[in-house]
Amino acid sequence: MGSREKEAIVICLDVGPSMNQAAPGHCTSLETACDVITMILQRKVLAESKDEIALLLFGTPGTANRLSDEGYENITEERPFKMADLDFIQHIRTNIHPSPVSGDCIDALVVAMDMIHTAISDKGAKFTQNRIILFSDLGGEFADDKLEQVIGGLKSMKTEVNHIGLQFEEDEDESEDHDRPSTSSNSRGGGPQKAKTPQQRAGEQLIKHILQQVDGQNYTFQEVIPAVTMFEKRAVRPTPWKVNLEIGSELKIPVSGYLKVKETPMRSWKSTYQKGPNREYTPKTIRSKHLNDDEETEVESEDMVEGHRYGNDIIPISEEDKKNMDYQKPGKVMQVLGFTKDTNIKKHHQMGSSVYIFVPQPDDQAAAMAFSALTNALYETNSVAIIRRAYSASSNPRIGFLVPHIKAKYEALFYIELPFAEDLRMYTFASLDNNKKCKPTDEQLEAIDGLIDEMDLMNAKEDEDEDEPLKPKNTLNPYTQRLCQCLMHRALNPDDPLPDIQEAIASYLQLPRAVAVRCEPQVEKVKGLFKLEKVKAKENVTGDTLWKAGDQTNGEPASKKARMDDDANDGDLTLAGMTKGAVTEVGTVDPCGDFRAMISQKDEDRFKEAAKQMGERVLELVRKSFGAQLYSKALECLRVYREEAIKLSEPETFNDYIRKLKEELKELQKTDFWQDVTKDNVTLIDSSESSDSKVTREEAEKFIQEEEVPMEEEPAAAEPEEDADDLLDMM
């Protein structure tokens, strides 16, 4: 229904003595009916429905209706037409009581029609649909002399009638046995029912005849309760978006677009307030802008102009300048940019919060033929159309694709939005091959694949006639349902704790039984292949424990002291380590510590960057060394670089670097440092140290033994200094 459309609903509730009978420990039919009415009203309140609902009680000791003078007795107009609210719900919960007087259900239908007629004629109310919901076990006496007049009135007023109560004979499994009691196990629906009385069977035939004449429906409490337990949104009549589908400059197909699927955001409750007597306050939001001075002078909106910072200056932009410089939007448009195979549209390219379905505009035969030709051509060639779409003149253009959808009764095109180039996010994840310990085996992969196959909900039906479990089309959002349940409970019971989750909502969160049984062998297989071991967490080290550790010198075993030092170094649990921020560069003060900190971030790109900087630091230390002063520090950096490369399975990165280092040391005439490298046996990483290395052990040993690098040539001996007399003679 649209926002201006509303329905007139009259709830006719039987409060006679037959509605107050039930087996011990079970709810009476009247109590169950009140629960169902409460659920209906709760759905209307939370959906913010504009429907108006009236309550009519029949079988009451007194009489209060407009037709009482015409003999319609024991019928009370309990509540006039109003929208559902909390007061109405509280009234149903507290003020409905059983009566010792039986009521006539036919008279109740007549009074209900009179209430609808009065609301339409006297109050001028406009309803798009009329409905009467009759709650009764049909145990009261009735007069059928005006039956045909009642049916004629219902048809002329186009009033829909629904009955909720008994299970009709034709719906029972064994209709021949009228005296067999119902065996419903739902205590909320009244529990085990007694055999129908002759009066109930007569009332059943009467109501069945009325429903057949006016196309009404009969429901039992067991059928209605699951349907009204779930909360739903207010139904809105779909409004078509009419536009021309442009293909080139000549072909234009008039189409209508409807929302097929749309993400519904949860309503914000920040601005919610309660209306009613003595509660007429409406919160308002007031915004104002002030200067940054001592008086905080307020500035009116007409005295302000938008500005943008350019360097140290702020350049004002007037509304006229903005209009001239702003992007000129294309207006309502839907243009085909081209066609491509559907395999080129990846799943992660599909974005947006809604899906549109496009059909040709009605009563346009030419548009229908052109649309059908386009849809079938796309389907037969496994193609999609890439389009440019703008909803209105104030909307920014978007890009999307049309995919054909052909059914026996209709043909349509689904529109799904696509990303622009700047919307794509190219995330890079570290390869699992870098960590050999975490690489799964083929047997482990097969076990996980088998578990995924067994968890397929498409094959989880226990019976062929059942629907697919948790089918998105039939499954409501459990979060929304639980939120509505808690909101309504707190509104009606402000001092009570929140209730337990409803069984219907909890069923959405439980694994279907068929899937659980089928997955059990696979789960046991996964448990056996993936061993879980409890890892002892490291204790939190505080400044206090560090100071105590630093004060312990004597009287402590050496092994305990060494272990404490190792833990501190591994986690950088020093006072300086806790105060410095994240390391992003390998410096010259503590290059080894910086290098380890950078590669600890478990990122392949981060290791390459850290390795590059580590190599630069080694060369820098060698180049700036005064004699051999910094050689030991550079050699330590080289050792750490090699060790970490082996741990992270990056041998080729180190091997390429050390080959390059050997050549650069020759150019820098720092071959004395290379002699230290060979003495320390820092050579290529061979395949025995890392399985990813392509270097054999013989090649690694030969690398530091072959072609002995000559030392720098010693300078020629200086000639003996000439005597001063010889210098004077030369002058």
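Residues numbered from 1 in each chain as written. Predicted model: local features only at pLDDT ≥ 70, side-chain atom pairs only at ≥ 80, totals over all residues. Heavy atoms only, no water.

Caption draft 1: Local environment of the overall build of the chain. Within the chain, the secondary structure is distributed over 22 helices and 17 strands. Counting every position in the chain, which comprises 731 residues, the buried fraction comes to 35%. Pairs at least 24 apart in sequence give 71% of the contacts found in the chain among residues at least 6 apart. For the chain, the exposed surface amounts to about 47400 Å²; the carbon and sulfur share of it is 50%. (Helix = DSSP H or I, 4+ residues; strand = E, 2+ residues; numbered from the N terminus. Buried < 20%, exposed > 50% of the residue type's maximum accessible area, 1.4 Å probe, protein only. Contact = heavy atoms within 4.5 Å. Areas by Shrake-Rupley, 256 points an atom, 1.4 Å probe, with all protein chains shown as cover.)

Caption draft 2: Representation of the pairing of strand β5 (residues 159–165) within the structure. Burial of β5 is extensive: six of the seven residues sit out of reach of the surface. With seven bridges joining them, strand β4 (residues 129–136) and β5 adopt parallel strand pairing. Bridge pairing links Phe135 to Ile164 in β5. Each parallel crossover has a hand, and the one from β4 via helix α4 (residues 147–156) to β5 is right-handed. Bridge count for β5 against strand β6 (residues 217–220) is four bridges, and the pairing is parallel. Bridge assignment links Gly165 to a residue of β6, and that residue is Thr220. (Pairing = 2+ DSSP bridges. Right-handed = clockwise from strand over helix to strand, strands pointing away.)

Caption draft 3: Focus on helix α5 (residues 198–214). Counted at 1.5 Å a residue, the expected span for α5 with its 17 residues is 24 Å, and the 25 Å between its end C-alpha atoms agrees. Buried residues of α5: Gln200, Gly203, Glu204, Leu206, Ile207, Lys208, Ile210, Leu211 and Val214, and no others. Against α3 (105–121), β4, α4, β5 and β6 lie the buried residues of α5. Where α5 terminates, the next one or two residues include Asp215, which has phi positive at roughly 60°. (Expected span 1.5 Å × (residues − 1).)

Caption draft 4: Summary view of the packing of aromatic side chains. Tallied over the entire structure, the rule returns ten aromatic pairs. Judged by centre distance (5.3 Å) and plane angle (65°), the rings of Tyr631 and Phe673 are edge-to-face. Of this pair, Tyr631 sits in helix α18 (residues 631–647) while Phe673 sits in helix α20 (residues 671–679); the two residues are 42 residues apart in sequence, bridging distant segments of the chain. Grouping residues by exposure puts Tyr631 and Phe673 together as buried. For the ring pair Trp674 and Phe703, a centre distance of 5.8 Å and an interplane angle of 85° mean the geometry is edge-to-face. On the criterion of sequence distance, the pair formed by Trp674 in helix α20 and Phe703 in helix α21 (residues 697–703) is long-range, its members being 29 residues apart. Side by side, Trp674 and Phe703 carry an identical accessibility label, which is buried. Taken together, the ring pairs in this structure connect Trp241, Tyr356, Phe358, Tyr391 and Tyr415 into an aromatic cluster. Here the basic side chain of Arg389 rests over the ring of Tyr356, its NZ or CZ set 4.6 Å away from the ring centre. (Phe/Tyr/Trp six-rings, centres within 6.5 Å; stacked < 30°, edge-to-face > 60°. Lys NZ or Arg CZ within 6 Å of the ring centre and 35° of its normal.)

Caption draft 5: Inspection of the sheet that holds strand β2 (residues 52–58) at higher detail. One open sheet accounts for six strands, arranged β3-β2-β1-β4-β5-β6; its pairing is mixed. The outermost strands of the open sheet, each flanked by one partner alone, are β3 (75–83) and β6. Pairs of neighbouring strands in the sheet enclose a mean axial angle of 15°, with direction left out of account. Along the sheet face, helix α1 (residues 29–46) touches β1 (7–14), β2 and β4 and points at about 165° away from the line of β1. Sheet strands in contact with helix α2 (residues 86–94) are β2 and β3, and its direction is about 15° off that of β2. (Axes fitted to C-alpha atoms, helices over the stretch in contact; angles between N-to-C directions.)

Caption draft 6: Local environment of a nonpolar patch on the surface. A contiguous nonpolar surface patch, about 240 Å² in accessible area, is contributed by Ile448, Ile452 and Phe530. Looking at the secondary structure, you find Phe530 in the loop between α12 (513–529) and α13 (543–551). (Patch = residues over 30% accessible without salt bridge, like charges linked within 9 Å, V, L, I, M, F, W, Y side chains within 5 Å. Salt bridge = Lys/Arg side-chain N within 4 Å of Asp/Glu carboxyl O.)

Caption draft 7: View of the confidence of the model for the chain. Here the chain shows a mean pLDDT of 80. Residues at 70 or above account for 81%. By mean pLDDT, helix α22 (residues 724–730) is the weakest element of the chain at 44, and strand β17 (residues 411–417) is the strongest at 96. Within the model, the stretch residues 553–576 combines pLDDT values under 50 with 15 contacts to residues more than four positions away or in other chains. (pLDDT = per-residue confidence, 0-100.)

Caption draft 8: Seen up close, the nonpolar core. Residues Val10, Leu56, Ile132 and Ile210 are the most contacted members of the largest nonpolar core, which totals 37 residues. Where this core is concerned, the elements lending two or more residues are β1, β2, β3, α3, β4, α4 and α5. A per-element tally of this core places α3 first, with eleven residues. Setting aside anything within four residues of it in sequence, one finds Val10 in contact with Ala54, Leu56, Phe81, Ala112, Met115, Ile116, Arg131, Ile132 and Ile133. Ile599, Met614, Tyr641 and Phe703 belong to the second-largest nonpolar core, a separate cluster that totals 36 residues. (Core = buried A, V, L, I, M, F, W, Y, C linked by side-chain atoms within 4.5 Å.)

Caption draft 9: Examining the packing of α2 against helix α10 (residues 478–492) more closely. Viewed as axis vectors pointing N to C, α2 and α10 meet at an angle of 70°, and their least axial separation amounts to 11 Å. In this view, α2 runs roughly perpendicular relative to α10, as classed from their interaxial angle. Counted together, Leu86, Ile89, Gln90 and Arg93 of α2 and Met488, Ala491 and Leu492 of α10 form the full contact between these two elements. Per-class residue counts for the contact of α2 with α10 are five nonpolar, one polar and one charged. (Parallel < 35°, antiparallel > 145°, perpendicular 65-115°, else oblique. Nonpolar A, V, L, I, M, F, W, Y, C, P; charged D, E, K, R; others polar.)

Caption draft 10: Seen up close, a positive patch on the surface. On the surface, Lys260, Lys461, Lys471 and Lys473 cluster together to form a positively charged patch. On the accessibility criterion, Lys471 (34% relative accessible area) is partly exposed. (Lys, Arg positive; Asp, Glu negative; His and termini not counted. Charge placed at Lys NZ, Arg CZ, Asp CG, Glu CD.)

Caption draft 11: Geometry of the state of the cysteines. One pass over the structure, following the stated rule, counts zero disulfides. Sulfur of Cys486: no disulfide; nearest cysteine sulfur belongs to Cys484 and is 9.4 Å away. For Cys486, a relative accessible area of 14% puts it in the buried group. (Disulfide = S-S within 2.5 Å.)

Caption draft 12: Molecular detail of the pattern of salt bridges. The full count for this structure, using the stated rule, is 23 salt bridges. Arg131 is the partner of Glu7 in a salt bridge, and the nearest nitrogen-oxygen pair spans 2.6 Å. Of the two residues, Glu7 sits in strand β1 while Arg131 sits in strand β4, which places them 124 residues apart along the sequence. Classification of Glu7 by relative accessible area gives buried; the value is 5%. For Arg131, a relative accessible area of 17% gives the class buried. Here Glu620 ties to Lys624 by a salt bridge, and the two come within 3.0 Å at their closest N and O atoms. Within this pair, Glu620 and its partner Lys624 are both found in helix α17 (residues 604–624), separated by four residues, close to a single helical turn. Judged by relative accessible area, which is 59%, Lys624 ranks as exposed. Several salt bridges converge on common partners, so that one network encompasses Glu616, Arg617, Glu620 and Lys624.

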